[in-house]
Amino acid sequence: MADQRPVTQTYAVTGMTCEHCVRAVTAELSALPGVDEVRMDLAAGTATVTSVAPLSEESVRAAVDEAGYELAGGGA
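For clarity, every value in this text was computed on a predicted model and none was experimentally measured.

Asks: Honestly, the pairing of strand S2 (residues 35-41) in this entry has me stumped. Any pointers?
Replies: Side-chain positions along a regular strand alternate between the two faces of the sheet. As paired elements, S2 and strand S3 (residues 46-51) share 6 bridges and run antiparallel to each other. Opposite Val38, over in S3, you have Val49 as the bridge partner. Linking S2 to S3, which pair antiparallel, is a turn of 4 residues; within it Gly45 sits at a positive phi near 70 degrees.

Below is the structure:
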């Protein structure tokens, strides 16, 4: 039996200003396959996502974009 540990990643999200924003981003990120939990910090502008496996930046970016916000930064 493989002991699979959850993966937690934190992303910076720009454009969120209220609880409605938080709910919209949470809903989109929660819909990604394998996501167990999403914790948002409106003041810090971050989304912390716990999933069964690492999420691709493209899928997270697409989910945040679908909610109407933007993933800050970005890898090379």
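Asks: Mind showing me how you'd approach helix H2 (residues 57-67) here?
Replies: The periodicity of an α-helix, 3.6 residues per turn, causes residues three or four positions apart to be oriented the same way. Within H2 the residues assigned to the buried category are Val60, Ala63, Val64 and Ala67. Relative to the axis of H2, the buried residues are bounded by an arc of 95 degrees and lie together on one face. What points out from H2, more than 90 degrees from its buried face, is the exposed set Glu58, Asp65 and Glu66. Of the surrounding elements, those touching the buried residues of H2 are strand S1 (7-14), helix H1 (19-30) and strand S4 (70-71). Just downstream of H2, Gly68 is the residue with a positive phi angle, here 100 degrees.

Asks: Got a minute to help me understand the pattern of salt bridges in this structure?
Replies: Opposite charge on two side chains allows them to pair when their charged atoms are near. On inspection of all chains with the given rule, the structure shows 2 salt bridges. Among the salt bridges present, the one from Arg39 reaches Glu37, with a minimum N-O distance of 3.2 Å.

Asks: What is the right way to look at the packing of H1 against H2 in this model?
Replies: Angle between the axes and distance between the axes are the two parameters that describe a pair of packed helices. Two elements in contact, H1 and H2, have axes whose closest approach is 8 Å; the angle formed by their N-to-C orientations is 140 degrees. Accordingly, the angle class assigned to the pair H1 and H2 is oblique. Considering how the two elements wind past one another, H1 and H2 form a crossing that is right-handed. In this structure, H1 uses Ala24, Val25, Glu28 and Leu29 to contact H2, whose residues at the interface are Val60, Ala63, Val64, Glu66 and Ala67. Looking at the contact of H1 with H2, its residues break down into 7 nonpolar, no polar and 2 charged.

Definitions and cut-offs
Residues numbered from 1 in each chain as written. Predicted model: local features only at pLDDT ≥ 70, side-chain atom pairs only at ≥ 80, totals over all residues. Heavy atoms only, no water. Pairing = 2+ DSSP bridges. Helix = DSSP H or I, 4+ residues; strand = E, 2+ residues; numbered from the N terminus. Buried < 20%, exposed > 50% of the residue type's maximum accessible area, 1.4 Å probe, protein only. Arc of directions from axis to C-beta. Contact = heavy atoms within 4.5 Å. Salt bridge = Lys/Arg side-chain N within 4 Å of Asp/Glu carboxyl O. Axes fitted to C-alpha atoms, helices over the stretch in contact; angles between N-to-C directions. Parallel < 35°, antiparallel > 145°, perpendicular 65-115°, else oblique. Left-handed = near helix turned anticlockwise from the far one by under 90°. Nonpolar A, V, L, I, M, F, W, Y, C, P; charged D, E, K, R; others polar.

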